[in-house]
Amino acid sequence: MVNQILFKKKINRLLLFLFILIFSFGCTSSQPPLEFAPNGEIIKKAILLNLEKSYSNLSRQLNTEKSEIKINKIDVIQIKPNLIFNLPTYHLEGKYQIIVKKTSFQKKIINNTFNIDLQRQSKGDTWRILIKTQENKSEKYFSYLIR
């Protein structure tokens, strides 16, 4: 009789433990793993795409000659994984160095920061840069394919 009571207590404790365990895993939000975060080449291409998009608009407005832009050093300070539209997205913050060449004699080195969102596409072989905008109190994203 005493053994049955002890057995029932152990079963109840085990069931309670399993319930708490399942409940705690069910309430957590899933995040993409950091192992699938973009590599340095993808980050470099994303920064260049962002720069070229901004720079081409500016040079067109100022009616100036387009300069050659190269990214030299990239230092990622923070990576935050997230899911946007059910696809793994990584918010990256860091520093980089660009070299701007106007002619063979004029060269300027600029240290700058970046703050970008990169999204891995469903098959995992392509990446897109996401640009967040605010419209009527709602967030919208524009995305550009990184080649």
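Residues numbered from 1 in each chain as written. Predicted model: local features only at pLDDT ≥ 70, side-chain atom pairs only at ≥ 80, totals over all residues. Heavy atoms only, no water.

Asker: Give a description of the nonpolar core that names residues and reports values.
Answerer: Generally speaking, a soluble globular protein has its nonpolar side chains buried in company with each other. Within the largest apolar cluster, 20 residues are counted, with the highest numbers of intra-cluster contacts made by Ile47, Ile116 and Leu118. Those elements that provide at least two residues to this core are helix H2 (40–62), strand S1 (68–84), strand S2 (87–101), strand S3 (107–120) and strand S4 (127–135). For this core, the element with the most residues is H2, which contributes six residues. If we ignore the near neighbours within four places in the chain, the residues touching Ile47 are Ile71, Ile74, Tyr96, Phe114 and Ile116. (Core = buried A, V, L, I, M, F, W, Y, C linked by side-chain atoms within 4.5 Å. Buried < 20%, exposed > 50% of the residue type's maximum accessible area, 1.4 Å probe, protein only. Helix = DSSP H or I, 4+ residues; strand = E, 2+ residues; numbered from the N terminus. Contact = heavy atoms within 4.5 Å.)

Asker: Break down the environment of Ser67 for me, with residues and values.
Answerer: Tracing the chain through its elements places Ser67 in the loop between H2 and S1. Taking the C-alpha atoms as reference points, Ser67 and Tyr55, twelve residues apart in sequence, are found 9.1 Å from one another. Ser67 has contacts with Tyr55, Val100, Lys101 and Lys102, leaving out every residue within four places of it along the chain.

Asker: Could you give an account of the packing of aromatic side chains, with specific residues and numbers?
Answerer: Tallying each qualifying case throughout the model produces three aromatic pairs. Taking the centre distance of 5.8 Å and the plane angle of 85° together, the rings of Phe85 and Tyr141 count as edge-to-face. Taken as a pair, Phe85 in the loop between S1 and S2 and Tyr141 in strand S5 (residues 138–146) lie far apart in primary sequence, 56 residues in all. Between Tyr90 and Trp127, the aromatic rings sit 6.1 Å apart at their centres with planes inclined by 50°, giving tilted as the arrangement. Linking Tyr90 in strand S2 with Trp127 in strand S4, this pair joins segments that are 37 residues apart in sequence. Owing to a relative accessible area of 0%, Tyr90 belongs among the buried residues under this scheme. Assessed through its relative accessible area of 6%, Trp127 is described here as buried. (Phe/Tyr/Trp six-rings, centres within 6.5 Å; stacked < 30°, edge-to-face > 60°.)

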